[in-house]
Number of protein chains: 2
Amino acid sequence: MGGLFARDTAAAPLGAGRYAGAIAPGWDIRGNANGGYLLALAARAMLLECARTDPVTISAHFLSPGREGPVETDVRVLKQGRRFTTASATLSAAGKPLLAALGSFGDLAGGKAAAERMHSPPPELPPPAQCFRHEPARGAPRMFGQIDLRVHPDDAGFALGTPSGEPRVRGWLRLPDEEPVDTLGLLFVVDAFPPAVFNSSVPIAWLPTVELTAHVRARPQPGWLRACFTTRFVSAGFLEEDGEIWDASGRLVAQSRQLALLPQPG
Amino acid sequence: MGGLFARDTAAAPLGAGRYAGAIAPGWDIRGNANGGYLLALAARAMLLECARTDPVTISAHFLSPGREGPVETDVRVLKQGRRFTTASATLSAAGKPLLAALGSFGDLAGGKAAAERMHSPPPELPPPAQCFRHEPARGAPRMFGQIDLRVHPDDAGFALGTPSGEPRVRGWLRLPDEEPVDTLGLLFVVDAFPPAVFNSSVPIAWLPTVELTAHVRARPQPGWLRACFTTRFVSAGFLEEDGEIWDASGRLVAQSRQLALLPQPG
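Note that the coordinates shown come from a computational prediction; the quantities given were computed from them, not determined experimentally.

What counts as what
Residues numbered from 1 in each chain as written. Chains lettered and ligands numbered in written order. Predicted model: local features only at pLDDT ≥ 70, side-chain atom pairs only at ≥ 80, totals over all residues. Heavy atoms only, no water. Helix = DSSP H or I, 4+ residues; strand = E, 2+ residues; numbered from the N terminus. Rg over C-alpha atoms; globule rule 2.2 N^0.38 Å. Buried < 20%, exposed > 50% of the residue type's maximum accessible area, 1.4 Å probe, protein only. Contact = heavy atoms within 4.5 Å. Areas by Shrake-Rupley, 256 points an atom, 1.4 Å probe, with all protein chains shown as cover. Lys, Arg positive; Asp, Glu negative; His and termini not counted. Charge placed at Lys NZ, Arg CZ, Asp CG, Glu CD. Buried area = accessible area lost by both parts, 1.4 Å probe. Salt bridge = Lys/Arg side-chain N within 4 Å of Asp/Glu carboxyl O. Polar contact = N/O pair within 3.5 Å; in protein donor to acceptor, adjacent residues only side chain to side chain. Nonpolar A, V, L, I, M, F, W, Y, C, P; charged D, E, K, R; others polar. Pairing = 2+ DSSP bridges. Least-squares fit on C-alpha atoms with pLDDT ≥ 70 in both. Phe/Tyr/Trp six-rings, centres within 6.5 Å; stacked < 30°, edge-to-face > 60°. Disulfide = S-S within 2.5 Å. pLDDT = per-residue confidence, 0-100. Expected span 1.5 Å × (residues − 1).

**Describing the overall build of chain A**
Point 1. Regarding its fold elements, chain A presents 4 helices and 17 strands.
Point 2. Here the C-alpha radius of gyration of chain A, 18 Å, is about what a compact globule of 266 residues would show, namely 18 Å.
Point 3. Taking the principal axes of the C-alpha coordinates as reference, chain A spans close to 50 × 50 × 40 Å.
Point 4. Across the 266 residues that make up chain A, the buried fraction comes to 61%.
Point 5. Of the contacts formed within chain A by residues at least 6 apart in sequence, a portion of 68% connects residues at least 24 apart.
Point 6. Surface summary for chain A: the accessible area is close to 10,100 Å², and the carbon and sulfur share equals 52%.
Point 7. Distance between charge centres in chain A, computed from 26 positive and 26 negative side chains, equals 4 Å.

Set out below in structure tokens:
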């Protein structure tokens, strides 16, 4: 629990499935805590209550924006199975629910399974030093000062006022001080990149997430993570964003999908 | 509530968020109730308790196989918002939890939004009469006698002992007696097709779903639905299956993703 991310997602047991924590400074986008960070806060408490090592699949519904300060997570274990433990949780601040989650937790240690078939490769990226660093000095929200995020030059148009036209964002990510990203950290990573739709021709300033689901496949090897996020369907006032996270060894470590609202103009 | 599907997913309020229902005959795959059918059963109770018309996004974790007979859904409303109501639920049989769900419900009436961008087209399919009917007479489980499911000839190899090699299944679906599929019905449809991975080179007989998430975009127009399911990553003992459902007017009405276990051989 040495790194900043681990400290800032800590959960202290209060008994009866309740855990105390806090939304720490710096994990926000213009005041509102990042959704993946909130999910990691809740999942930390769920992991502890389930006495498991890794989130395997977890979904969160975002109920209210979260601000810096104390939070509480109430966890209810629904089934303790041989392979997975399933639990639901609510993360609240001063009694107001911010996020509801449902997840299954297990143990993702171990190597490759008998059958492995990858029908898509990891994204091809120039080395981090040749990518666009998305950081506060260049207008990015302050959260991007806490992490090291490098965007593929072809996908950095959104940050420079010239969206690529293709709703895709590929890039590298690591935590400060090279804090290793564990499977809990992946729940943050799947929501840590600027929205892919910022590179489309749809005018969007703000994109509230309704729901986010992450599937964690494996524990990441140390080093840079590479990620690819895409949006294919902007319709009926909604859009989805799909994410894939790969580790330094080229292994798929997580997949994600979120449903976001497209605020009506005017 | 005239059609078979509507009757077989009915929920009767018992008070205090509890609803009685039953796993009806014929919705099983070799004895175990279809996951999407179980989800629809739970979601019916959630919709009623939330007093909303449409599921917008819902996730289910599958805890135990469901068999024919009475079930109860316990619903807890977590937030009643202006646009969405979020609730959690557990579907149980004789006190044993079969499924846990978390969903947000709203009203999907209304036409197109200001911005629509579709970066993928609906699947191209030959007319239903030129597709392969997946039915019990041809070895399909009896559930496929309750629905009318036509698979693209190029994707029907799995049923004929000659998998295409590409983990994809495209096809048409309608309910018997042309019962219209509403947004609740879409929760069944996203899990109603044979697994895409049956067309891969991975030897699989049985594929337990850990988690299924559906996003419902719009109310389907009457008529045949067309669907496309794909699997891209078989790794670490897991695989995902992504689905898209389009209505007769060519509109995307639902997206889904599920995480399934790849049982170890031997």
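**What to know about the interface of chain B and chain A**
Point 1. In this assembly, 61 residues from chain B lie in contact with 61 residues from chain A.
Point 2. Interface area for chain B against chain A, summed over the two sides, is near 5,300 Å², with a carbon-plus-sulfur share of 59%.
Point 3. A salt bridge links Arg232(A) to Glu244(B), with the shortest nitrogen-to-oxygen separation between them at 2.7 Å.
Point 4. Our count for the contact surface shared by chain B and chain A stands at 31 residue pairs in polar contact (both at pLDDT 80 or more).
Point 5. Partitioned by chemical class, the residues of the side of chain B that touches chain A number 27 nonpolar, 21 polar and 13 charged.
Point 6. The sheet contact formed by strand β15 (residues 233-235) of chain A and strand β9 (residues 117-118) of chain B spans 2 bridges and is antiparallel.

**Quick word on the pattern of salt bridges**
Point 1. With the rule as written, the count across this model stands at 32 salt bridges over all chains.
Point 2. Of the charged contacts in the structure, one is a salt bridge between Glu178(A) and Arg174(A), with a shortest N-O distance of 3.8 Å.
Point 3. With its nearest N and O atoms 3.6 Å apart, the salt bridge here joins Arg168(B) to Glu166(B).
Point 4. Three or more residues are tied together by salt bridges with common partners; here these are Arg133(A), Glu135(A), Asp148(A), Arg150(A), Arg174(A) and Glu178(A).

**A look at the relation of the copies chain B and chain A**
Point 1. For the pair chain B and chain A, the superposition axis carries a translation of 0.0 Å, the fit reaches an RMSD of 0.0 Å, and the rotation angle comes to 180°. Here the transformation between the copies is reduced to the relation of a two-fold axis.
Point 2. Most of the interface of chain B is mirrored in chain A: 100% of its interface residues are interface residues there too.

**Concerning the packing of aromatic side chains**
Residues and elements named next belong to chain A.
Point 1. Under the criterion given, the structure shown has 18 aromatic pairs over all chains.
Point 2. Where Phe158 meets Phe198, the ring centres are 6.4 Å apart and the plane angle is 50°; that geometry is what we call tilted. Here Phe198 lies in the loop between α4 (183-189) and β13 (209-216) and Phe158 lies in helix α3 (residues 157-160), a separation of 40 residues in the sequence.
Point 3. An aromatic cluster is built from Phe5, Trp27, Tyr37 and Phe188, whose rings are joined through pairwise contacts.

**So, the state of the cysteines**
Residues and elements named next belong to chain B.
Point 1. According to the stated counting rule, one finds 0 disulfides over all chains in the structure shown.
Point 2. Note on Cys228: no disulfide assigned, nearest cysteine sulfur contributed by Cys131 at a separation of 13 Å.
Point 3. Taking relative accessible area as the criterion, Cys228 reaches 14% and is therefore assigned buried.

**Brief notes about the pairing of strand β1 (residues 12-15) of chain B**
All names here are of chain B.
Point 1. Sheet topology note: the β1/strand β2 (residues 18-23) ladder contains 3 bridges and is antiparallel. By the bridge assignment, Ala12 is partnered in β2 with Ala20.
Point 2. Hairpin connection of β1 to β2: 2 residues between the antiparallel strands, including Ala16 at a positive phi of 55°.

**Observations regarding the environment of Ser59(A)**
Point 1. Here Ser59(A) is to be found in strand β5 (residues 54-62).
Point 2. Taking the C-alpha atoms as reference, Ser59(A) lies 8.3 Å from Ala100(A); in sequence the two are 41 residues apart.
Point 3. Among residues more than four places away in sequence, those in contact with Ser59(A) are Ala100(A), Ala101(A), Leu102(A), Glu211(A), Leu212(A), Thr213(A), Ser59(B), Leu102(B), Glu211(B) and Thr213(B).
Point 4. A polar contact is formed between the side chain of Ser59(A) and the side chain of Thr213(A), at a distance of 2.7 Å.

**Overview of the confidence of the model for chain A**
Predicted coordinates in regions of low pLDDT should not be interpreted in detail.
Point 1. Averaged over chain A, the pLDDT score is 94; the fraction of residues at 70 or greater is 97%.
Point 2. As a predicted assembly, this complex carries a pTM of 0.97 together with an ipTM value of 0.96.

**Some words on unusual backbone geometry**
Residues and elements named next belong to chain A.
Point 1. Here Glu178, not a glycine, exhibits a phi torsion of approximately 55°, which is positive.
Point 2. Within the secondary structure, Glu178 sits in the loop between β12 (168-174) and α4.
Point 3. Look at Glu178 and you get exposed, because its relative accessible area is 58%.
Point 4. Within the chain, Ala236 stands out as a residue other than glycine whose phi angle is a positive 55°.

**Re helix α2 (residues 35-50) of chain A**
All names here are of chain A.
Point 1. With 16 residues, α2 extends 22 Å between its outermost C-alpha atoms, agreeing within 8% with the 22 Å of an ideal straight helix rising 1.5 Å per residue.
Point 2. Counting buried positions along α2 gives 14 out of 16 residues, so the element sits mostly inside the fold.
Point 3. For α2, the N-terminal capping position is held by Asn34, with its side-chain oxygen 2.9 Å away from the main-chain nitrogen of Gly36.
Point 4. Phi turns positive one or two residues past the end of α2, at Ala51, with a value near 55°.

**Looking at the side chain of Asp247(B)**
Residue and element names in this part refer to chain B.
Point 1. Here Asp247 lies in the loop between β16 (238-246) and β17 (252-261).
Point 2. Nearest to the buried, unbridged Asp247 among oppositely charged side chains is Arg251, at 6.2 Å.
Point 3. Only 2.7 Å separates the side chain of Asp247 from the side chain of Ser249, close enough to count as a polar contact.
Point 4. Contact partners of Asp247, with chain neighbours within four places excluded, come to Arg219, Pro220, Gln221, Trp224, Leu225 and Val253.

**Considering the pairing of strand β6 (residues 69-80) of chain B**
All names here are of chain B.
Point 1. In terms of strand pairing, β2 meets β6 through 6 bridges, oriented antiparallel. Note on β6: the bridge partner recorded for Ala20 is Glu72.
Point 2. Here 8 bridges tie β6 to strand β7 (residues 85-93), and the two strands are oriented antiparallel to one another. Bridge pairing in β7 links Thr73 to Leu91.
Point 3. Following β6, the chain reverses through 4 residues before pairing antiparallel with β7.

**Structural notes on the environment of Arg142(A)**
Residues and elements named next belong to chain A.
Point 1. Tracing the sequence through the fold places Arg142 in the loop between β10 (132-133) and β11 (148-151).
Point 2. Discounting chain neighbours no more than four positions away, the residues touching Arg142 are Pro25, Gly26, Asp28, Glu68 and Pro136.
Point 3. Of note is the side chain of Arg142, whose polar atom sits 2.9 Å from the side chain of Glu68.

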